[in-house]
Amino acid sequence: MRIAVAGATGNIGARTVAALERDGHDVVRVSRSLGVDVLTGAGLDGALAGVEAVVDATNGPATDAAEAVAYFGAATRNLLAAEERAGVRHHVLLSIVGIARVEGNAHYAGKREQERLVAAGPVPWTIVPATQFHDFAAMVASWTEQDGVATIAPLLVQPIAPADVADVLAEIAVGEPKGRYADVAGPEPQDLVDMARRTNQAQGREVKLVPTWSGLFGPAMAGDVLLPGEGARIAPTTFDEWLAAQR
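Residues numbered from 1 in each chain as written. Predicted model: local features only at pLDDT ≥ 70, side-chain atom pairs only at ≥ 80, totals over all residues. Heavy atoms only, no water.

Chemist: Got a minute to help me understand the overall build of the chain in this structure?
Modeler: Helix and strand counts for the chain stand at eight helices and twelve strands. Computed over its C-alpha atoms, the radius of gyration of the chain comes to 18 Å, within 12% of the 18 Å expected for a compact globule of 247 residues. The principal-axis extents of the C-alpha atoms in the chain amount to approximately 50 × 35 × 35 Å. Residues classed as buried in the chain amount to 50% of the 247 residues present. As displayed, the chain offers around 10,700 Å² of accessible surface, 52% of which is attributable to carbon and sulfur atoms. (Helix = DSSP H or I, 4+ residues; strand = E, 2+ residues; numbered from the N terminus. Rg over C-alpha atoms; globule rule 2.2 N^0.38 Å. Buried < 20%, exposed > 50% of the residue type's maximum accessible area, 1.4 Å probe, protein only. Areas by Shrake-Rupley, 256 points an atom, 1.4 Å probe, with all protein chains shown as cover.)

Structure representation (structure tokens):
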């Protein structure tokens, strides 16, 4: 199949491209750095010519809810309109487990708008909600790190390997649209603070972590809010297995 991946140079997008190419598909990379801009629509019509399915693994700003909603809204409208013109048969959106249960998070507000547009849009669709990635904890800590000290929320998550997410997206893209797909998660719940500590140790970094709810992630995300629901699809790679590859 000829399949386009939006966000093709990103963490999940690049892995999805690799997974699809490994399986013999013709992959079109959609990325601003490659001359195709989903935010303005520039280059989209040419990129989607002859494409049967599109995987949207794009990311966007998360500093302000209005900005996130505007960004994801514009990008998604442009993608769906170009897909309709090109006769694309399947739009696959990577989303996040639990976003409907959390208010006040800018990125989640943008993702909810993205889901709304896809579900109401003209192209048959599958929305794939995934839990946080294995590399998420250290990334979150890096956002606040100053002089070897970082604050981080003590979130309970069930993280998934980025490569496993890409494999699921590649599998779904070549199949029929499924509407809202089951939650996709890793095998085991983890504490975000412990994940960050262990990742930093594996990578040879010394960072003092200060657990707090006063940062980007508040108490609304505590407890089991970010954990997968019943009937979730459990990916194989554990956090320990992923961590071993980081050393």
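Once you've had a look at it, read on.
Chemist: Help me understand helix α3 (residues 65-86) in this model?
Modeler: For an α-helix, the turn length of 3.6 residues means that residues three or four places apart are oriented alike. With 22 residues, α3 should reach 32 Å at 1.5 Å per residue; the first-to-last C-alpha distance of 31 Å fits that figure. For α3, every residue scored as buried is listed here: A68, Y71, F72, G73, A75, T76, L79, L80, A82 and E83. The secondary structure elements touched by the buried residues of α3 are β1 (2-6), α2 (44-47), β3 (53-56), β4 (90-96) and α4 (106-120). The backbone nitrogen of A66 has a side-chain oxygen 3.0 Å away, supplied by the residue at the start of α3, namely D64. Looking one or two residues beyond α3, the residue adopting positive phi is G87, at roughly 75 degrees. (Expected span 1.5 Å × (residues − 1). Contact = heavy atoms within 4.5 Å. Polar contact = N/O pair within 3.5 Å; in protein donor to acceptor, adjacent residues only side chain to side chain.)

Chemist: Even after reading the chapter, I still don't get the pairing of strand β6 (residues 149-152), so can you show me in this structure?
Modeler: Every regular strand shows the same layout, with side chains that alternate between the two sheet faces. Across the two faces of β6 the burial differs, with A150 and I152 buried and V149 and T151 not buried at all. With four bridges joining them, β6 and strand β11 (residues 208-211) adopt parallel strand pairing. Residue pairing for β11: A150 is matched across the bridge by L209. (Pairing = 2+ DSSP bridges.)

Chemist: Any chance you could explain the pattern of salt bridges here in plain terms?
Modeler: Side chains that carry opposite charge are capable of pairing whenever their charged atoms lie near each other. For the coordinates displayed, the defined rule picks out 16 salt bridges. E21 serves as the salt-bridge partner of R29, at 3.1 Å between the closest nitrogen and oxygen. You can call E21 partly exposed: its relative accessible area is 36%. One salt bridge connects R198 with D194, and the closest N-O pair in it is separated by 3.8 Å. Separated by four residues within a single helix, R198 and D194 lie in helix α7 (residues 192-202), roughly one turn from each other. One connected set of salt bridges, linked through shared partners, spans D194, R197, R198 and D240. (Salt bridge = Lys/Arg side-chain N within 4 Å of Asp/Glu carboxyl O.)

Chemist: So what exactly am I meant to see when it comes to unusual backbone geometry here?
Modeler: Working note: non-glycine residues mostly have negative phi, and peptide bonds are mostly trans. Even without a glycine there, the phi angle at D147 is positive, about 55 degrees. The exposure class assigned to D147 is exposed, which follows from its relative accessible area of 82%.

Chemist: What's the story with the packing of α3 against α4 in this structure? I'm lost.
Modeler: Packed helices, taken two at a time, are described by the angle between their axes plus the distance between the axes. Where α3 contacts α4, the axes come no closer than 8 Å and their chain directions differ by 25 degrees. Considering the angle they form, α3 stands roughly parallel to α4. The interaxial crossing formed by α3 with α4 has right-handed handedness. Touching A65, A68, V69, F72, G73, T76, R77 and L80 of α3 are A106, H107, A109, G110, K111, E113, Q114, R116, L117 and V118, all from α4. Classifying every residue of the contact of α3 with α4 gives nine nonpolar, five polar and four charged. (Axes fitted to C-alpha atoms, helices over the stretch in contact; angles between N-to-C directions. Parallel < 35°, antiparallel > 145°, perpendicular 65-115°, else oblique. Left-handed = near helix turned anticlockwise from the far one by under 90°. Nonpolar A, V, L, I, M, F, W, Y, C, P; charged D, E, K, R; others polar.)

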